[in-house]
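Descriptive analysis of the structure
The lines below spell out each chain.
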Amino acid sequence: MSWESNEVNVEVDGKPERTLVLLGRTGNGKSATGNSILGETKFLSKTRGRFITKECKLHTSQLPNGQRINVIDTPGLFSASSTPDFTIKEIVRCLRLAKDGIDAVILVFSVRNRLTEEEQLTLRTLKILFGSQIVDYMIVVFTNGDAFDDGDTLDYYLEDCPEFQEILKECDDRKVLFDNRRNIPKSKKEKQVEDLLNFVEQISKKNNGKPFMADLSLELRENEATLEEKQKQIQAMKGQSKQEISQVKKEMEKTYNEMLEGIKEKIANQLKESLNDVKEQLAKAQAARQETEKKMTEMHKLSSDEIRRLREQLNNAEMETARLRRQQRTQRCSVL
Ligand SMILES: Nc1nc2c(ncn2[C@@H]2O[C@H](COP(=O)(O)OP(=O)(O)OP(=O)(O)O)[C@@H](O)[C@H]2O)c(=O)[nH]1
């Protein structure tokens, strides 16, 4: 229990618990945002040293209205350095942690970091990987709100960042600015969390209370429930022979592994598709950049040639003027 009774007022539609997943590049402030949402430091954020989130983790807090807030922090899942195996493993871990599905996907960006090329393709990647309905659950959090302490605003900042336009348009402009520093005024701390959680409630209403990825989470949970049931059966088989017990154990492990492999394969196929798409988009962007550079070099060469030509013309004209002057002088001398 972290938020005290008079803090963070959110109108809830009765759901006792909400699960939020934080996604974003390493260093954008996911763990720090998770702590701000929970109202206390539960995730390790690299304030000092070089702590990097290595696997999906869940922490929980309770709001004054009794609602539990589960926050899942993730490692940088879509960076160029993450292998597909690692990403699949972490997505499965995240789905397992989100027992009742995901109520909101929080995309975390920092107003202090420029977007990388991969980040610019975030929306495409997420849509291919998780389906286009992901946008109905998305909220964009911009961290390092303190960068605007001198009076700038997020809207003013975004005017200069066309790369965010599509993401924000697709998620109905659900965006919140977070200042994750610990010693900020209490009212500021509460307001940013309240704004975020009000968006979560809005999302739930819009999606008729159905969380995101609920089906896959349910599939995992049901299989885990079967697994637990089988384990109980094994414990109850005390009178049976070792052979019989080992047979049931084997069957149980086989069924569970098959289910897990099925889910992993589903995710792997979608991941492959999204990685190919990212590769293709990056190659296109690189080709376009090379083409522009080539054109610039040609233009530069053309203008250098032009300058050289004009300079030669100028030299010739000067030489001609000098020649004419000399001629005039000679003529004048011969007349005299
Ligand atoms: N001034 C300021 N610093 C922030 C803010 N949010 C995060 N930071 C700092 O940014 C750095 C990175 O934050 P993290 O929360 O560790 O980032 P992360 O995205 O979780 O990174 P990984 O754990 O590596 O995935 C830390 O030093 C934070 O203290 C903010 O709003 N303002």
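Placed above this text is the structure.
The model shown is predicted, which means the values in this text are computed figures rather than measured ones.

With that settled, the discussion passes to the environment of Leu-77. By the secondary structure assignment, Leu-77 is in the loop between strand 3 (68-73) and helix 2 (84-97). Classification of Leu-77 by relative accessible area gives buried; the value is 7%. Distance from Leu-77 to Arg-25, taken between C-alpha atoms, is 7.7 Å for residues 52 residues apart in sequence. Non-local contacts of Leu-77, meaning those with residues more than four positions away in its chain, are made with Leu-23, Ser-82, Phe-86, Thr-87, Glu-90 and Ile-91.

As a further point, take the packing of aromatic side chains. For the structure shown, the criterion picks out six aromatic pairs. Here the aromatic rings of Phe-109 and Phe-142 are separated by 6.2 Å at their centres, their planes lie at 35°, and the arrangement is tilted. With Phe-109 in strand 4 (residues 104-110) and Phe-142 in strand 5 (residues 138-143), this pair connects stretches of sequence that are 33 residues apart. For Phe-109, a relative accessible area of 3% puts it in the buried group. With a centroid separation of 6.4 Å and 75° between ring planes, the pair formed by Phe-130 and Phe-212 is classed as edge-to-face. With Phe-130 in helix 4 (residues 122-130) and Phe-212 in the loop between helix 7 (186-206) and helix 8 (214-236), this pair connects stretches of sequence that are 82 residues apart. Residue Phe-130 shares its accessibility class with Phe-212, and that shared class is buried. Linked through ring pairs, Phe-109, Phe-142 and Phe-164 together constitute an aromatic cluster.

This next bit is on the nonpolar core. Core analysis: the largest hydrophobic core is formed by 69 residues, its most contacted members being Leu-20, Val-105, Ile-106, Ile-139, Phe-164 and Leu-196. Among the elements that make up this core, the one with the highest residue count is helix 9 (residues 242-335) (seven residues). If near-sequence neighbours (up to four positions away) are discounted, Ile-106 is found in contact with Leu-20, Val-21, Leu-22, Leu-23, Ile-139, Val-141 and Leu-196.

Further remarks concern the environment of Thr-116. Structurally, Thr-116 is set in the loop between strand 4 and helix 3 (117-120). Distance from Thr-116 to Arg-25, taken between C-alpha atoms, is 9.1 Å for residues 91 residues apart in sequence.

Mapped onto the fold, Asn-35 is located in helix 1 (residues 30-38). Take Asn-35: its relative accessible area is 10%, and that puts it in the buried class. Only 2.8 Å separates the side chain of Asn-35 from the backbone nitrogen of Lys-42, close enough to count as a polar contact. In this structure, Asn-35 is in contact with Glu-40, Thr-41, Lys-42, Phe-43 and Ser-45, ignoring residues within four places of it in sequence.

Let us now look at the sheet that holds strand 1 (residues 17-23). Here six strands make up an open sheet; going across it, the order is 2-3-1-4-5-6 and the pairing mixed. Every other strand in the sheet has two partners, leaving strand 2 (57-62) and strand 6 (175-177) as the edge strands with one partner each. Averaged over all adjacent pairs, the angle separating strand axes in this sheet is 25°, with direction ignored. Helix 1 contacts strand 1, strand 2, strand 3, strand 4 and strand 5 of the sheet and is inclined by roughly 175° relative to strand 3.

Burial analysis of strand 3 places five of its six residues in the buried class, the great majority of the element. The pairing of strand 1 with strand 3 spans six bridges and is parallel. The residue of strand 3 that forms the bridge with Val-21 is Ile-72. Relative to strand 3, strand 2 runs antiparallel, the two being bridged by six bridges. Within the sheet, the bridge partner assigned to His-59 lies in strand 3 and is Val-71.

Looking now at helix 1. Among the nine residues that make up helix 1, nine are buried, leaving the element largely enclosed by the rest of the structure. Where helix 1 is buried, its residues meet strand 1, strand 2, strand 3, strand 4, strand 5 and helix 7. Count one or two residues on from helix 1 and you reach Gly-39, which has phi positive near 80°.

Reading guide: rules and limits
- Residues numbered from 1 in each chain as written.
- Predicted model: local features only at pLDDT ≥ 70, side-chain atom pairs only at ≥ 80, totals over all residues.
- Heavy atoms only, no water.
- Helix = DSSP H or I, 4+ residues; strand = E, 2+ residues; numbered from the N terminus.
- Buried < 20%, exposed > 50% of the residue type's maximum accessible area, 1.4 Å probe, protein only.
- Contact = heavy atoms within 4.5 Å.
- Phe/Tyr/Trp six-rings, centres within 6.5 Å; stacked < 30°, edge-to-face > 60°.
- Core = buried A, V, L, I, M, F, W, Y, C linked by side-chain atoms within 4.5 Å.
- Polar contact = N/O pair within 3.5 Å; in protein donor to acceptor, adjacent residues only side chain to side chain.
- Pairing = 2+ DSSP bridges.
- Axes fitted to C-alpha atoms, helices over the stretch in contact; angles between N-to-C directions.

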